[in-house]
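# Structural overview for review
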Amino acid sequence: MVKLYGIKACDTCRKALKSLEAGGFAPEFHDVREAPLSGETLEAFLNVLGSDLLNTRSTTWRSLSEEERAQEPLTLLQAHPTLMKRPVIDHDGTLTLGWGKPVQAAFGV
């Protein structure tokens, strides 16, 4: 099973979905803006992916005050789901982050 976590409006998420479908996968899409992730799920993602999960180059990040940026990543991601770097792909329990060449190669697409 492949589950892709991201945002519908994200170009990278759309490219990943399209490529995965073309590669014979049937990814399930979870829009984190429409249905924010539970604290347990975010904590599991952070345990595996670490601080890379927090997108510090996003417009959401730039709009935060220094005080807000100093908060724990879990707190920030719960308050601002769009701070999650995208996509996060769960393939049978193995998590990958982004849609760069290494992730594409891992899926053979």
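The notes below deal with the structure included here. Note that the structure is a prediction, hence the values are computed from the model and not measured.

Secondary structure assignment for the protein yields six helices and four strands. Its C-alpha atoms give the protein a radius of gyration of 14 Å, within 12% of the compact-globule value 13 Å for 109 residues. Its C-alpha atoms give the protein principal-axis dimensions of about 45 × 25 × 25 Å. Counting only residues that meet the buried cut, the protein has 39% of its 109 residues in that class. Counted over contacts in the protein with a minimum sequence separation of 6, partners at least 24 positions apart contribute 60%. Only carbon and sulfur atoms are counted for the fraction: they give 48% of the accessible area of the protein, which is about 6,300 Å². Here the protein carries 12 positive and 14 negative side-chain charges, and the mean point of each set is 11 Å from the other.

The subject of this paragraph is unusual backbone geometry. A cis geometry characterises the amide bond from R86 onward to P87, with omega recorded as -10°. Along the chain, P87 turns up in the loop between helix 5 (73–79) and strand 3 (88–91). Unusually for a residue other than glycine, D92 sits at a positive phi of about 50°. With respect to the helices and strands, D92 occurs in the loop between strand 3 and strand 4 (94–97). What makes D92 exposed here is its relative accessible area of 56%.

This structure, assessed with the given rule, holds three aromatic pairs. Between F25 and F107, the ring centres sit 5.4 Å apart and the planes meet at 85°, which makes this aromatic pair edge-to-face. Placement of F25 in the loop between helix 1 (11–22) and strand 2 (28–31) and of F107 in the segment after helix 6 (101–106) is noted, with a sequence separation of 82 residues between them. By relative accessible area, F25 is classed as partly exposed at 23%. Residue F107 is classed as buried on the basis of its relative accessible area, which comes to 8%. Geometrically, the ring pair formed by W99 and F107 is tilted, given 6.3 Å between the ring centres and 40° between the ring planes. Following the ring pairs from residue to residue traces out a cluster consisting of F25, W99 and F107.

We now examine the sheet that holds strand 2. Within the open sheet, the four strands sit side by side as 2-1-3-4. Their pairing is mixed. Each having just a single partner strand, strand 2 and strand 4 make up the two edges of the open sheet. The mean inter-strand angle of the sheet, taken between neighbouring strand axes irrespective of direction, is 20°. With four bridges connecting them, strand 1 (residues 2–6) and strand 3 associate as antiparallel partners.

A word on the nonpolar core. Where a protein is soluble and globular, its nonpolar side chains tend to be buried together. Core analysis: the largest hydrophobic core is formed by 29 residues, its most contacted members being F45, L53, L77, M84, V88 and I89. Looking at this core, the elements with two or more residues in it are strand 1, helix 1, helix 2 (39–49), helix 5 and strand 3. Setting aside its immediate chain neighbours within four residues, I89 contacts V2, K3, L4, L20, T94, L95, T96, G98, W99, V103 and F107.

The rules we used
- Residues numbered from 1 in each chain as written.
- Predicted model: local features only at pLDDT ≥ 70, side-chain atom pairs only at ≥ 80, totals over all residues.
- Heavy atoms only, no water.
- Helix = DSSP H or I, 4+ residues; strand = E, 2+ residues; numbered from the N terminus.
- Rg over C-alpha atoms; globule rule 2.2 N^0.38 Å.
- Buried < 20%, exposed > 50% of the residue type's maximum accessible area, 1.4 Å probe, protein only.
- Contact = heavy atoms within 4.5 Å.
- Areas by Shrake-Rupley, 256 points an atom, 1.4 Å probe, with all protein chains shown as cover.
- Lys, Arg positive; Asp, Glu negative; His and termini not counted.
- Charge placed at Lys NZ, Arg CZ, Asp CG, Glu CD.
- Phe/Tyr/Trp six-rings, centres within 6.5 Å; stacked < 30°, edge-to-face > 60°.
- Pairing = 2+ DSSP bridges.
- Axes fitted to C-alpha atoms, helices over the stretch in contact; angles between N-to-C directions.
- Core = buried A, V, L, I, M, F, W, Y, C linked by side-chain atoms within 4.5 Å.

These figures come from the coordinates and say nothing about function on their own.
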